[in-house]
Amino acid sequence: MDNNTERIKRIKDMEAALDISKAAVDKLAEAMDAYEAVQDRYNALLDYYSNGQWRADFEADEEGLLPAGLKRGVLSEDAVYDLITEHRELMERMRVAVK
């Protein structure tokens, strides 16, 4: 290939890299906006899970004190713990990715 043909190929390749990189960064920015918007709720969930309220509500459910139709995924023994674990893993993944 002559110099100009190589240059055109390189520019096309880098244009494609720009396009897909921009799209990925835009998606990440949207995800970060959504993540930041729920931080107060996530922290409230952590507090609920660790301050004894979760245990009291779990036991009330075990005793049949809650209505049958009440959505209660938060009372499963794994749901909140799994979310905390996923969150930690994602934070580590992001920390490593920015190096």
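Residues numbered from 1 in each chain as written. Predicted model: local features only at pLDDT ≥ 70, side-chain atom pairs only at ≥ 80, totals over all residues. Heavy atoms only, no water.

Q: I'd like a rundown of the packing of aromatic side chains, residues and numbers included.
A: Evaluation of the coordinates by the stated rule reveals two aromatic pairs. Arranged with centres 5.1 Å apart and planes meeting at 15°, the rings of W54 and F58 form a pair that is stacked. Of this pair, W54 and F58 both sit in helix α3 (residues 53–62), four residues apart, roughly one helical turn. You'll find W54 and F58 in the same group, each marked buried. Among the aromatic residues, those joined into a cluster by ring pairs are Y49, W54 and F58. (Phe/Tyr/Trp six-rings, centres within 6.5 Å; stacked < 30°, edge-to-face > 60°. Helix = DSSP H or I, 4+ residues; strand = E, 2+ residues; numbered from the N terminus. Buried < 20%, exposed > 50% of the residue type's maximum accessible area, 1.4 Å probe, protein only.)

Q: For the pattern of salt bridges, give the residues involved together with the corresponding values.
A: If you walk through the whole model with that rule in mind, you get four salt bridges. Among the salt bridges present, the one from K22 reaches D26, with a minimum N-O distance of 2.7 Å. Highlighted residues: K22 and D26, both in helix α1 (residues 3–37), separated by four residues, approximately one helical turn. Residue K22 is classed as partly exposed on the basis of its relative accessible area, which comes to 48%. Across the pair R72 and D61 runs a salt bridge, and its minimum N-O distance is 2.7 Å. Taken together, the positions of R72 in the loop between α3 and α4 (79–97) and D61 in helix α3 put the pair 11 residues apart, joining distant regions of the chain. (Salt bridge = Lys/Arg side-chain N within 4 Å of Asp/Glu carboxyl O.)

Q: With reference to specific residues and values, describe α1.
A: Across its 35 residues, α1 extends 50 Å between first and last C-alpha, which sits within 8% of the 51 Å expected from 1.5 Å per residue. Residue D2 occupies the N-cap position of α1, its side-chain oxygen lying 3.2 Å from the main-chain nitrogen of N4. (Expected span 1.5 Å × (residues − 1). Polar contact = N/O pair within 3.5 Å; in protein donor to acceptor, adjacent residues only side chain to side chain.)

Q: Can you tell me about the side chain of H87, naming the residues and giving the values?
A: With respect to the secondary-structure elements, H87 resides in helix α4. We classify H87 as buried; its relative accessible area is 18%. Sequence-distant contacts of H87, that is, excluding residues within four places in its chain, are made with Y35 and Y42. (Contact = heavy atoms within 4.5 Å.)

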